[in-house]
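Now for the letters of each chain:
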Amino acid sequence: MISKVEIEHVANLAKLKFDEKEIEDFTEKFSEIISYVEKLQEVDTENVKATYQVNPNVQFMREDKVEESFSNEEALSNAPDKQYGYFKLPKILD
């Protein structure tokens, strides 16, 4: 079981502020999670094949072929601000 002191320590490291009630609730819930994970470690997985993908859907990829692209004018046609043939963005660093 995880202690209240450990929860307060981790919360402090994560710069989280909890009141006393929240710490008590979190301690209880976190202890339940830890005990559940410990139960999972008891499961015999000796002859179980490793699973890397549980979703049977296959990602179909399109053929990579070169096609006509937008012209510079078309790409910039809806830009709110442009300069010298490029998108002009607000300055974020001095």
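The structure under discussion appears in the preceding block.
On a predicted model such as this, the values are computed, not experimentally measured, just so you know.

*Asks:* Quick question: what am I supposed to make of the overall build of the protein chain here?
*Replies:* What the protein chain contains, in helices and strands, is three helices and two strands. Counting helices and strands in the order they occur from the N terminus, the protein chain gives α-α-α-β-β. The C-alpha atoms of the protein chain give 27 Å as radius of gyration, which overshoots the globular expectation for 94 residues (12 Å, by more than 25%). Across the protein chain, the mean location of the 12 positive side-chain charges is 5 Å away from that of the 21 negative side-chain charges.

*Asks:* I keep staring at a nonpolar patch on the surface and nothing clicks. Help me out?
*Replies:* Among the surface-exposed residues, Y36, L40 and V43 lie close enough to one another that they form a single nonpolar patch of about 320 Å² accessible area. In this structure, L40 sits in helix α2 (residues 20-41). For L40, a relative accessible area of 46% gives the class partly exposed.

*Asks:* Even after reading the chapter, I still don't get the side chain of T27, so can you show me in this structure?
*Replies:* Position of T27 among the secondary structure elements: in helix α2. T27 gets classed as buried once you look at its relative accessible area, which sits at 9%.

*Asks:* What should I look at first to understand unusual backbone geometry in this one?
*Replies:* Working note: non-glycine residues mostly have negative phi, and peptide bonds are mostly trans. Backbone geometry places K15, a non-glycine residue, at a positive phi of 60 degrees. Residue position: K15 is located in the loop between α1 (4-13) and α2. Look at Y84: it is not a glycine, yet its phi comes out positive at around 55 degrees. The residue Y84 is located in the loop between β1 (82-83) and β2 (86-87) in this model.

*Asks:* Help me understand the packing of aromatic side chains, please; the structure alone is not making it clear to me.
*Replies:* The geometry of an aromatic ring pair is captured by two quantities: the separation of the ring centres and the angle between the planes. Enumeration over the complete set of coordinates arrives at two aromatic pairs. When the centroid spacing of 5.9 Å and the interplanar angle of 20 degrees are considered together, the rings of F18 and F26 count as stacked. For F18, a relative accessible area of 32% corresponds to the partly exposed category. You can call F26 partly exposed: its relative accessible area is 37%. Ring plane angle 15 degrees and centroid distance 5.7 Å describe the contact between F26 and F30, whose orientation is recorded as stacked. Here F30 and F26 lie together in helix α2, a separation of four residues that amounts to about one turn. Among the aromatic residues, those joined into a cluster by ring pairs are F18, F26 and F30.

What counts, and at which threshold
Residues numbered from 1 in each chain as written. Predicted model: local features only at pLDDT ≥ 70, side-chain atom pairs only at ≥ 80, totals over all residues. Heavy atoms only, no water. Helix = DSSP H or I, 4+ residues; strand = E, 2+ residues; numbered from the N terminus. Rg over C-alpha atoms; globule rule 2.2 N^0.38 Å. Lys, Arg positive; Asp, Glu negative; His and termini not counted. Charge placed at Lys NZ, Arg CZ, Asp CG, Glu CD. Patch = residues over 30% accessible without salt bridge, like charges linked within 9 Å, V, L, I, M, F, W, Y side chains within 5 Å. Areas by Shrake-Rupley, 256 points an atom, 1.4 Å probe, with all protein chains shown as cover. Salt bridge = Lys/Arg side-chain N within 4 Å of Asp/Glu carboxyl O. Buried < 20%, exposed > 50% of the residue type's maximum accessible area, 1.4 Å probe, protein only. Phe/Tyr/Trp six-rings, centres within 6.5 Å; stacked < 30°, edge-to-face > 60°.

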